[in-house]
Amino acid sequence: MPVYLDHAATTPISAPALAALTSVITRSGNPSSLHGSGRRARATVEAARETVALAAGAHPTEVIFTSGGTEADNLAVKGLFWARRDAEPGRTRILVSSVEHAAVQDTVEWLEKHEGAEAVWLPVDEHGTVSLDALKKELDDGGANTVALVTCMWANNEVGTVQPIAEIVALVEPYGIPVHSDAVQAFGSIPVNFKESGLAAMSISAHKIGGTVGVGALLLGRAVKLTPVQHGGGQERTVRSGTLDTAGLAAFAAAATDVTQNLATENLRIAGLRDAIIAAVRHAVPEAVLRGVDPAEYPEKRLPGNAHFTFPGCEGDSLLFLLDMAGVESSTGSACTAGVPRPSHVLLAMGLDEDTARGAQRFSLGHTSSLADVEAFVAALPQAHARAKLAGMAAHQSSIQTASTQ
């Protein structure tokens, strides 16, 4: 079995989630049907709603089930924008951090192109932390009167930086502007409480915490108005339509209970493995640079399972392929189009130049990670790095050949 260091992309299904999934998936019944099978399915869905709400610090009526984090982000950003603009046509600005996941970034850009929105991209510092001063400046001198919403992720999916959500909400609250947060990476990794956060909306996903792909939720305040993105049966509080995945939701609930009940213990264990990876990389490749907040200085400001480095003079994709061939699976954290590596927008926003950003590699840990995984990675890194650096960055394209590129 390969060493899996890409839990930020998706994590293996947990034992409790698998048990819940298999116990429900063979049953028939649409949760919107009125007969016995439908009522049983509805009971499973509502039990899952209560469980997820408890795990996320929300009321059950605030849990709107979706097909995942991307749909939840689209529903929140588009729905809030449309509702606010329709109520007050002058509210067309969206204040958004410059390091958002594509599910938020692309949604905001779509609203700019098609719906007359004006995106204000809030800058971040060299660690990827959003500037509160920039946010305050956009709200001052009447600027708040033109803002439809603010959206900022709870924790960054690439460099693991935890954003100052409480401070953002406190700045915005006096103006009555709704704040949305993509908490897909944070939920199940660090303490997250929707009620205590003061957020209007928050997105979470099942497959990041040990559930199945294709299930997620938007936590939406009961008084928050949202315009639907898709239309149909209005199954979820009339703002989200579509038949619900009963078995997937049962697994989501089981995974949510498992991760939140064991959060403190797992945080310490996983953070210890992360710190071992950071130390090993620094020892094996002294020129490698840790990106994001250094957990040795501010452990609460970085996700426990995230170790992100840039390797000077080394193409990220080359290192990924070579580690993969050595049995270690990681991620560059950047998009790739037609085989040409593209630098991460997150790293560029943090002030890195394109060549430096293209040397990125993210190692992310989760519930199945072990010390043996770290040791195997440590053994594979020196040779993989040496070969990747030898391949260089000629023509902005890796010269490493694999079965998929030959």
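Conventions we followed
Residues numbered from 1 in each chain as written. Predicted model: local features only at pLDDT ≥ 70, side-chain atom pairs only at ≥ 80, totals over all residues. Heavy atoms only, no water. Pairing = 2+ DSSP bridges. Helix = DSSP H or I, 4+ residues; strand = E, 2+ residues; numbered from the N terminus. Axes fitted to C-alpha atoms, helices over the stretch in contact; angles between N-to-C directions. Contact = heavy atoms within 4.5 Å. Expected span 1.5 Å × (residues − 1). Bend = angle between axes of the 7 residues up to and from the residue. Buried < 20%, exposed > 50% of the residue type's maximum accessible area, 1.4 Å probe, protein only. Parallel < 35°, antiparallel > 145°, perpendicular 65-115°, else oblique. Left-handed = near helix turned anticlockwise from the far one by under 90°. Nonpolar A, V, L, I, M, F, W, Y, C, P; charged D, E, K, R; others polar. Salt bridge = Lys/Arg side-chain N within 4 Å of Asp/Glu carboxyl O. Core = buried A, V, L, I, M, F, W, Y, C linked by side-chain atoms within 4.5 Å.

J.: Just to check I follow, could you spell out the sheet that holds strand S4 (residues 118-122) for this structure?
T.: In a beta sheet, neighbouring strands are held together by backbone hydrogen bonds and run either parallel or antiparallel to one another. If you trace the 7 strands from one edge of the open sheet to the other, you get S2-S8-S7-S6-S5-S3-S4, paired in mixed fashion. The open sheet has two edge strands, strand S2 (63-66) and S4, and neither has a second partner. Adjacent strand axes in the sheet meet at a mean angle of 20° when their direction is disregarded. Its contacts with the sheet put helix H6 (residues 165-172) on strand S5 (147-151) and strand S6 (179-182), and the angle it makes with S6 is roughly 165°.

J.: Even after reading the chapter, I still don't get helix H13 (residues 371-391), so can you show me in this structure?
T.: An α-helical turn contains 3.6 residues, so any two residues separated by three or four positions project in the same direction. In a regular helix each residue adds 1.5 Å, so 21 residues correspond to 30 Å; H13 covers 30 Å between its end C-alpha atoms and thus fits that length. If you look at H13, its biggest bend is around 35°, right at Leu381, and the proline Pro382 turns up within four residues after that. On the buried face of H13, the contacting elements are strand S1 (3-4), helix H9 (263-284), helix H10 (316-325), strand S11 (328-329) and strand S14 (360-364). A positive backbone phi angle near 70° is found at Gly392, which sits one or two residues after H13.

J.: Can you help me understand unusual backbone geometry in this one?
T.: Only a minority of non-glycine residues have a phi that is not negative, and only a minority of peptide bonds are not trans. For Asp141, which is not glycine, the phi torsion reads 55° and is therefore positive. As for its placement among the helices and strands, Asp141 is situated in the loop between helix H5 (132-139) and S5. Given the relative accessible area of 83%, Asp141 is considered exposed. You will see that Thr238, though not glycine, has its phi angle at about 70°, which is positive. Here Thr238 lies in the loop between strand S8 (216-220) and helix H8 (246-261). Among the residues examined, Thr238 registers a relative accessible area of 59% and is labelled exposed.

J.: How do you make sense of the packing of H5 against H6 when you look at a structure like this?
T.: The geometry of a pair of packed helices is captured by two quantities: the angle between their axes and the separation between those axes. One can describe the packing of H5 onto H6 by two numbers: an axis separation of 10 Å at closest approach and a directional angle of 15°. Relative to H6, the element H5 is oriented roughly parallel. Helix-helix and strand crossings are classified by hand; for H5 and H6 the assignment is right-handed. On the side of H5, the interface is formed by Leu132, Leu135, Lys136 and Leu139, while H6 contributes Glu167, Ile168, Leu171 and Val172. In terms of residue class, the contact of H5 with H6 is made up of 6 nonpolar, no polar and 2 charged.

J.: Can you walk me through the pattern of salt bridges in this structure?
T.: A pair can form between side chains of opposite charge whenever their charged atoms are brought close. Across all of its chains, the model carries 17 salt bridges by this definition. The residue Glu71 makes a salt bridge to Arg240 at a minimum N-O spacing of 2.7 Å. Of this pair, Glu71 sits in helix H3 (residues 69-87) while Arg240 sits in the loop between S8 and H8, and the two are 169 residues apart along the sequence. Here Glu71 matches Arg240 in class, with each residue buried. Linking Arg282 and Asp294 is a salt bridge whose minimum nitrogen-to-oxygen distance equals 3.4 Å. Taken together, the residues span a long stretch of sequence, with Arg282 in helix H9 and Asp294 in the loop between strand S9 (289-290) and strand S10 (306-310) at a distance of 12 residues. For Arg282, a relative accessible area of 39% puts it in the partly exposed group. Relative accessible area serves as the criterion here: at 19%, Asp294 is assigned to the buried category. One network of salt bridges, with partners in common, ties together Arg42, Glu46, Arg49 and Glu236.

J.: What exactly am I supposed to notice about the nonpolar core here?
T.: Counting residues in hydrophobic clusters, the biggest one holds 69 residues, and the most contacted among them are Phe65, Val150, Trp154, Phe187, Met202 and Phe252. Per element, the largest residue contribution to this core is 10 residues, and it comes from H8. When neighbours within four sequence positions are excluded, Phe187 is seen to be in contact with Ala55, Ala56, Val192, Ile204, Ile209, Phe252, Ala256 and Thr260. In this structure, Phe309, Cys314, Leu365 and Ala388 belong to the second largest nonpolar core, which totals 26 residues.

J.: When you look at the sheet that holds S10 in this model, what are you seeing that I'm missing?
T.: Taking strand neighbours across the sheet as the criterion, the 3 strands line up as S9-S10-S14 in an open arrangement whose pairing is antiparallel. Pairing within the sheet leaves two strands with one partner each, and these edge strands are S9 and S14. One ladder, built from 5 bridges, connects S10 with S14; its direction is antiparallel. Residue pairing for S14: Phe309 is matched across the bridge by Gln361.

J.: Is there a simple way to explain helix H2 (residues 36-56) in this structure?
T.: The terminal C-alpha atoms of H2, which comprises 21 residues, lie 30 Å apart, in line with the 30 Å expected from a rise of 1.5 Å per residue. Of the positions making up H2, those classed as buried are Ser37, Gly38, Ala41, Thr44, Val45, Ala48, Arg49, Val52, Ala53, Ala55 and Ala56. Packing partners of the buried residues in H2 comprise helix H1 (15-24), S2, helix H7 (194-197), strand S7 (201-205), S8 and H8. Remark: Gly57 follows H2 within two positions and exhibits a positive phi of approximately 70°.

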